[in-house]
Amino acid sequence: MKRTTNFRRLLGCLVVTAAALVGGVDAQAASAADKVEQLGQMRSLEVQSIRIVRRNDFLNVQADLLNTDRQTQQLFYRFKWLDNAGFTVGAEEGWKPVIVYGNQKKLIEAVAPVQAATDFRIELHSPDNNGRPQ
Amino acid sequence: MKLIIAGLLTSLCLTGAAFAAPKIAVTDLSYEERVQEYFHVVAAHSKSSLKASASHSARDSDFSSSERGRSSLNAKSESSYYEAEGTYSYIERGELRKFTADVKGEMLKSGIYRVTTAKPYTAKNMEKLYDVIARIKQGMYPGADYVLFGSVSSIQWRDEINPIQGANKYSQTLSLELVADFNLINTKTYEVKAAFSAMGEGQDAKFLTGNNRVVMNRGKVVSEVSKSLGLDAARQLEEQFDPSRGAGTSRSTRESSFKSSTSSMEEEVIILR
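Residues numbered from 1 in each chain as written. Chains lettered and ligands numbered in written order. Predicted model: local features only at pLDDT ≥ 70, side-chain atom pairs only at ≥ 80, totals over all residues. Heavy atoms only, no water.

Draft legend 1. Spotlight on the overall build of chain A. Check the secondary structure of chain A and you find two helices and nine strands. Moving toward the C terminus, one meets the helices and strands of chain A in the order α-α-β-β-β-β-β-β-β-β-β. Of all 134 residues assigned to chain A, the portion counted as buried reaches 34%. In chain A, the proportion of contacts linking residues at least 24 apart, taken out of those at least 6 apart, comes to 70%. (Helix = DSSP H or I, 4+ residues; strand = E, 2+ residues; numbered from the N terminus. Buried < 20%, exposed > 50% of the residue type's maximum accessible area, 1.4 Å probe, protein only. Contact = heavy atoms within 4.5 Å.)

Draft legend 2. Inspection of the packing of helix 2 (residues 101-110) of chain B against helix 4 (residues 218-240) of chain B at higher detail. Residues and elements named next belong to chain B. Two elements in contact, helix 2 and helix 4, have axes whose closest approach is 7 Å; the angle formed by their N-to-C orientations is 45°. Classed by the angle they form, the pair helix 2 and helix 4 counts as oblique. Where helix 2 crosses over helix 4, the handedness of that crossing is right-handed. From helix 2, Asp102, Val103, Glu106, Met107 and Ser110 reach across to helix 4, where they touch Ser226, Lys227, Leu229, Gly230, Leu231, Ala233, Ala234, Leu237 and Glu238. Here the residues of the contact of helix 2 with helix 4 sort into seven nonpolar, three polar and four charged. (Axes fitted to C-alpha atoms, helices over the stretch in contact; angles between N-to-C directions. Parallel < 35°, antiparallel > 145°, perpendicular 65-115°, else oblique. Left-handed = near helix turned anticlockwise from the far one by under 90°. Nonpolar A, V, L, I, M, F, W, Y, C, P; charged D, E, K, R; others polar.)

Draft legend 3. Structural view of the sheet that holds strand 5 (residues 73-82) of chain A. Residue and element names in this part refer to chain A. Read across the open sheet, the four strands follow the order 1-8-5-6; overall the sheet is mixed. On the outer flanks of this sheet lie strand 1 (36-38) and strand 6 (96-100), each paired with one strand and no other. Mean inter-strand twist for the sheet, computed between neighbouring axes without regard to direction, equals 30°. The pairing of strand 1 with strand 8 (residues 119-125) spans three bridges and is parallel. Paired with Val36 across the two strands is Ile122, which belongs to strand 8. (Pairing = 2+ DSSP bridges.)

Draft legend 4. Main features of the sheet that holds strand 3 (residues 45-55) of chain A. Pairing in this open sheet of four strands is antiparallel, and the strands run 7(A)-4(A)-3(A)-8(B) from one edge to the other. Edge strands, defined here as strands with exactly one partner in the open sheet, are strand 7 (105-111) of chain A together with strand 8 (270-272) of chain B. Across this sheet, the average inter-strand angle for adjacent strands is 15°, counted without regard to direction. Two elements, strand 4 (residues 58-67) of chain A and strand 7 of chain A, share seven bridges in a ladder whose sense is antiparallel. Residue A:Val61 lies in a different strand from strand 7 of chain A, and its bridge partner there is A:Ala110.

Draft legend 5. The arrangement of the nonpolar core in detail. B:Leu29, B:Leu148 and B:Phe182 are the most contacted members of the largest nonpolar core, which has 30 residues in total. For this core, the secondary-structure elements that each account for two or more residues are strand 1 (23-26), helix 2, strand 5 (146-163), strand 6 (170-186), strand 7 (192-208) and helix 4 of chain B. Per-element tally for this core: the top contributor is strand 6 of chain B, with six residues. Contact partners of B:Leu148, with chain neighbours within four places excluded, come to B:Ile24, B:Ala25, B:Val26, B:Thr27, B:Val103, B:Met107, B:Phe182, B:Asn183, B:Leu184, B:Phe196 and B:Leu237. Residues A:Val61, A:Tyr77, A:Trp81 and A:Val89 belong to the second largest nonpolar core, which totals 26 residues. (Core = buried A, V, L, I, M, F, W, Y, C linked by side-chain atoms within 4.5 Å.)

Draft legend 6. Structural context of the interface of chain A and chain B. Chain A puts 22 residues into the contact, and the matching count from chain B is 17 residues. Both faces combined, the contact of chain A with chain B buries some 1700 Å², and carbon together with sulfur accounts for 55% of it. When the buried area of chain A at its contact with chain B is split by residue, A:Ile52, A:Asn56 and A:Val111 rank highest and sum to 25% of it. Seen at the junction of chain A and chain B, the total is zero salt bridges. Run the count over chain A and chain B and you get four residue pairs in polar contact (both at pLDDT 80 or more). Tallied by class, residues from the side of chain A that touches chain B come to ten nonpolar, six polar and six charged. With three bridges joining them, strand 3 of chain A and strand 8 of chain B adopt antiparallel strand pairing. (Buried area = accessible area lost by both parts, 1.4 Å probe. Salt bridge = Lys/Arg side-chain N within 4 Å of Asp/Glu carboxyl O. Polar contact = N/O pair within 3.5 Å; in protein donor to acceptor, adjacent residues only side chain to side chain.)

Draft legend 7. Structural detail: helix 2 of chain B. All names here are of chain B. Here helix 2 has its buried residues at Val103, Glu106 and Met107. The buried residues of helix 2 occupy one face: seen down the axis, they fall within an arc of 100°. Those residues of helix 2 that are exposed and aimed more than 90 degrees away from the buried face are Ala101 and Lys109. At its buried positions, helix 2 is contacted by strand 1, strand 4 (114-116), strand 5, strand 6 and helix 4. Just past helix 2, the residue Gly111 takes up positive phi, approximately 75°. (Arc of directions from axis to C-beta.)

Draft legend 8. View of the environment of B:Glu191. Residues and elements named next belong to chain B. Its place among the elements puts Glu191 in the loop between strand 6 and strand 7. C-alpha separation for the pair Glu191 and Tyr146, spaced 45 residues apart in sequence, amounts to 9.4 Å. Excluding its chain neighbours within four sequence positions, the residues that come into contact with Glu191 are Leu184, Ile185 and Asn186.

Draft legend 9. View of unusual backbone geometry. For A:Asn103, which is not glycine, the phi torsion reads 60° and is therefore positive. Notably, B:Tyr190 is not glycine yet its phi reads approximately 60°, a positive angle.

Draft legend 10. Up close: the pattern of salt bridges. Throughout the structure, instances matching the rule amount to 15 salt bridges over all chains. Here A:Lys35 and A:Asp119 are joined by a salt bridge, their closest N and O atoms 2.4 Å apart. A residue pair is termed long-range when its members are at least 10 positions apart, and A:Lys35 in the loop between helix 2 (25-28) and strand 1 and A:Asp119 in strand 8 qualify at 84 residues. Note on A:Lys35: relative accessible area 1%, which makes it buried. A salt bridge links B:Asp204 to B:Lys206, with the nearest nitrogen and oxygen atoms 3.0 Å apart. The class for B:Asp204 is buried, based on a relative accessible area of 2%. Taken together, the salt bridges that share partners define one network made up of B:Asp204, B:Lys206, B:Lys220 and B:Glu224.

Remember that the coordinates give geometry; whether it matters functionally is a separate question.
Written out as C-alpha cells, the structure reads:
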C-alpha cells in the first residue's frame, strides 16, 4: 500500500515537472506578479494580466494595467529581457512615461529585441504613487 | 503460455516475411517555367569619303601660250541605323537538384520503404522531362518498384519589412515557400499508387532598430524548407501508401492528422494573471 502511494507521488512529481518543461515562459511564473518588478509598492496601479506570444520568433508581451484611483497617475516602465539561462539580453531600455487617467485601463506592450529572449521582467515606477515596499 | 508465445512468434515471422519494403526511387523535382526576356538592339553604320583632285599645266613658248587646269571634287556619305526592341518568351524545363534529400530521409526513417538512387535527367531534349513512362522504360530507376515523381508547382522567395506594432521598430523577414506535386508510380504497371502536393516553408526574421544593417540567413531558410517539405511529403505518402499496414487509413484518421497539422500553426498565447 505504502509502495503504491510513493509511486503515485513520484508519478505526480514527474507529471508536474513535464508540464513545467513544456510550458516554457508560464512555467517559470505562476502569476503576473512574478514578472513585475516595482520600484516601491504602487497603491493605485496594478498589473491585471500579461499576455505573452511568440511571433516570428520574437517574444511579444502585452500587459494590462488598471488605475484603481480616481486621480491621474504618472507611470514609468521598461522591459528587461532574459535568455534561457536568466541572463539579460539586448541593450538596457530607457524608461517610458505613460499617463494613466483615473480608473483607466491601459495596455503597454513590447517586442523582444532579440530572438534569444525567452523571458522578461517589467519594471514599473510611479513616483507619486509609491508606498513603502512591504 | 509457451504455446501462446510460440504462436505469437510464428505470426510475427509470417508477417515479417509477407511484408517486404518496396524500393522507391525519388526523382529530382522537375520544373517548367515560362521565361520572358527583353531585348533592345541598336545598330548604326556610317561611311563617308571625300576625294579631291586638281591638276594644272601651263605651257608657254615664243609663239603661243596655253594653260590648262582641271579640278574635281567627289564626296560620298552613307549611313544606316537600325533599332528594334521587344520581348521574347520561351519555356524552360529542368530539374531542381535540391530539396529531395529530406524527403528520402523521412521515408527511410519510417522504415516502411527502401530508397534507391535515380539517374538524373541530363538529356538536352527537355521536352521528355515529364514523360515518366519513357524515363522508366529507359531504365533511369534501376531496381525500383516505384518512382516518386516530383514537380515544382510554386516557388516563391519573400523579403519583407514590417513595422512592429506598438514599437517604432521593424522586423525583416526572408521566407521561402515551395509547393511540389508528387506522384508515386508503379514501374511495372504504371499505376499511380499515391498522389499529393506537399509544402515546405522556412523563414528567418531579424530585428531592425534603425541604422543596423542585417544579412538574412539564407542557408537556414533553405534548410527549413527542405526539412518541412520532407516531413510533409513523407507523412502524406505514408497516409496513402503503406504496404506494412495493408489497407489505407480511415478518413477520420486523416482528418485528425490534418487538424493536428493546422492547429500546430496557431499561436500559443500565454496569459498570466
